[in-house]
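Given next are the chains, with one letter for each unit.
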Amino acid sequence: MNRASSSFVLMAGIILVSINLRTSIASVGPLIPFIREDLGLSNGLAGFLTTLPLLTFATFSLFAPGIGKRLGMGRAVFLGLVILFTGVVIRVLGGIELMILGTALTGIGIVIANVLLIPLIKVRLPEKLGLMTALLATMMSLFAAIAVGLSVPLAVDWELGWRGSLASWSAFMVLAMLFWIPQLQRPKASLHEVTGKAKNVWKSKLAWQVTVFMGAQSVMYFTMITWLPDMLISRGWSPAQAGIVASLMQFVSLLGSYFAPNFLIKMKEQTAVIKWVGVAYVLGYLALFIQHELLTYAALALVGFCMGASLSIAYTLISLRTAEDQTTAKLSAMVQSSGYYLAALGPLLFGVSLDLFDNWNVLIYFLLFFALVFTYFGMAAGRDRKI
C-alpha cells in the first residue's frame, strides 16, 4: 500500500472510530423510561447509567497513555474498540448487573480511543492536523445527535426494543474495527516515535490552563443538555418544542466543531478566537433571561455554535501546546480526565442549586460563571507556548 492509500485508510479509520465515541452514551438517555420500566430501576439508578460513563472516562483516561506506549497507539485504539463493542453487547444481555458492567466497559473503551486519537493524528497526519481534529469533533457530535434522534424509533417503530436499539450501534463498531486492521500491521515504533522525553504535565501551569479550559466547556455542555429541556418546559414550552430546540442546538454545534480547528491551526496564537467565542457564550446566556421564543432560538443557536467550537478548540490546543507525542498523550489524558470529572459534577451541582433556590435563572448564572472561566483560562492557554 503506497503512502497516499495508507493515509486515506487511516483517515477513514479515524472518522469511523470517532463515529463510535458518543453513540453508545447518547443512545441511552431517550431509552431511560423503557430501561427503567423493564429492569425495575429507581430514578436515581436510572440516572446513574448516564453518569457512570463520565466517571469511567475521567478515571481511565489517566491509564490510556501507558496503554498506548506499551501496545503502540494504533493497537491501543483497536483494543479500545474491542472493549467498547464488548460493553455494548454485554449491557443488553441481562439485568441491571450486566447493564452496569457493560456501561462501565463502554466508557473504558471509548476513553482509550478518545485520548489516543489526538496524539496519533499529530504523529501520523501532522499536515492534516486541523482537518482531522475538525472531523473527529464533528463526527462525534453528529452521530451523538443522530443516536439521540433514532434510539426511540429503533426501539418502537422498528420493534427492536430498548435492547435491540442499543445493540444496533455495535454495527458501526465492527465497521471501524475492520477499517482499523491495517493499523495493527504497522511496526509499533512507527506509531509512537518518541521525539523527546515526555514532560510532567501535572506540574505545568500551561497544562492546567488547558485543563481548566476543557473542564469549563465540558461543564457547560453537559449541564445544558441535561437541564435545558426542563428549563424551557418550566417556561411553558411543550416537551416537543423543548426537544426540537435542544436538537437544533446540537446540530448547530457541528458548524463550530468543523470550522474552528482549520481556522486555529493557521494562527500563531488562538487567544483572539477564544475571546470571541467566550463573548458569544456570554451574549447567548444573557439572552436567555428574556423569555421570548424567537430570541431563545437565536440564543441557543449561538450557544450551540460555541459548544461545537469550544470542544474542537480544546482538542486542537492539546496538540498545539505540546512538542513531543508522549507529552501530547499525557496532556490529552490529563485534560479529558479532569474535564469529565467536572462534567459529571456540573449537572449535579446545578441540581442541588435548583433545590436550594427553586429558580431557573440560577442555571443561567451558573453557565455565565463557567463562560467567564472558559474565557479567562482559554486566553491564557491560547498563547504561543509549549509545555
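Residues numbered from 1 in each chain as written. Predicted model: local features only at pLDDT ≥ 70, side-chain atom pairs only at ≥ 80, totals over all residues. Heavy atoms only, no water.

Our next topic: the overall build of the protein chain. Assigned secondary structure in the protein chain consists of 17 helices and zero strands. When the backbone C-alpha atoms are referred to their principal axes, the protein chain occupies close to 60 × 50 × 35 Å. A fraction of 84% describes how many contacts in the protein chain between residues 6 or more apart in sequence connect residues 24 or more apart. With the model as given, the accessible surface of the protein chain reaches about 15700 Å², and the carbon-plus-sulfur share is 69%. For the protein chain, the distance from the average position of its 26 positive side-chain charges to the average position of its 15 negative side-chain charges is 18 Å. (Helix = DSSP H or I, 4+ residues; strand = E, 2+ residues; numbered from the N terminus. Contact = heavy atoms within 4.5 Å. Areas by Shrake-Rupley, 256 points an atom, 1.4 Å probe, with all protein chains shown as cover. Lys, Arg positive; Asp, Glu negative; His and termini not counted. Charge placed at Lys NZ, Arg CZ, Asp CG, Glu CD.)

With the rule as written, the count across this model stands at 18 aromatic pairs. Arranged with centres 5.9 Å apart and planes meeting at 50 degrees, the rings of F60 and F63 form a pair that is tilted. Ring centres of Y221 and F222 lie 5.0 Å apart, and the angle between their planes is 85 degrees; this geometry places the pair in the edge-to-face category. Exposure remark for Y221: the relative accessible area of 21% places this residue in the partly exposed category. Judged by its relative accessible area of 15%, F222 is buried. Among the aromatic residues, those joined into a cluster by ring pairs are F350, W360, F366, F369 and F370. (Phe/Tyr/Trp six-rings, centres within 6.5 Å; stacked < 30°, edge-to-face > 60°. Buried < 20%, exposed > 50% of the residue type's maximum accessible area, 1.4 Å probe, protein only.)

Time to look at the side chain of T223. You can see T223 is positioned in helix α12 (residues 205–234). From its side chain, T223 meets the backbone oxygen of V219 in a polar contact 2.6 Å long. For T223, the contacting residues outside a window of four places in its chain are L228, G346, P347, F350, L363, F366 and L367. (Polar contact = N/O pair within 3.5 Å; in protein donor to acceptor, adjacent residues only side chain to side chain.)

Let's shift gears to helix α3 (residues 32–39). Residues spaced three or four apart along an α-helix face the same direction, because each turn holds 3.6 residues. All buried positions along α3 are accounted for by I32, I35 and L39. Angularly, the buried residues of α3 cover 65 degrees about the axis, an arc narrow enough to put them on a single face. On its buried face, α3 is in contact with α4 (43–60), α7 (96–124) and α9 (161–168). Count one or two residues on from α3 and you reach G40, which has phi positive near 65 degrees. (Arc of directions from axis to C-beta.)

Here we take up the nonpolar core. Core analysis: the largest hydrophobic core is formed by 113 residues, its most contacted members being I14, V17, W180, Y281, Y285, I313 and Y315. In terms of residue count, the dominant contributor to this core is α12 (14 residues). Among all residues touching Y285, those that are not within four sequence positions of it are M220, M224, V303, I364, L367, L368 and A371. (Core = buried A, V, L, I, M, F, W, Y, C linked by side-chain atoms within 4.5 Å.)

This paragraph deals with the environment of M267. In this fold, M267 is placed in the loop between α13 (239–264) and α14 (271–287). Sequence spacing of M267 and P33 is 234 residues, and the spatial spacing of their C-alpha atoms is 47 Å.

Below, the discussion takes up helix α16 (residues 325–357). The terminal C-alpha atoms of α16, which comprises 33 residues, lie 47 Å apart, in line with the 48 Å expected from a rise of 1.5 Å per residue. Of all the bends in α16, the greatest, near 25 degrees, is centred on L345, and the proline P347 appears no more than four residues after it. Just downstream of α16 lies D358, where phi reads positive at about 50 degrees. (Expected span 1.5 Å × (residues − 1). Bend = angle between axes of the 7 residues up to and from the residue.)

Quick look at the packing of helix α8 (residues 129–156) against helix α15 (residues 293–320) now. One way to put it is that α8 packs onto α15 with a least axis distance of 10 Å and a crossing angle of 140 degrees. Judged on the interaxial angle alone, α15 and α8 are oblique. Crossing angle aside, the handedness with which α8 passes α15 is right-handed. For the pair α8 and α15, contact is made by L129, T133, L136, A137, M140 and S141 and by L311, S312, Y315, T316 and S319, respectively. Considered class by class, the residues forming the contact of α8 with α15 number six nonpolar, five polar and no charged. (Axes fitted to C-alpha atoms, helices over the stretch in contact; angles between N-to-C directions. Parallel < 35°, antiparallel > 145°, perpendicular 65-115°, else oblique. Left-handed = near helix turned anticlockwise from the far one by under 90°. Nonpolar A, V, L, I, M, F, W, Y, C, P; charged D, E, K, R; others polar.)

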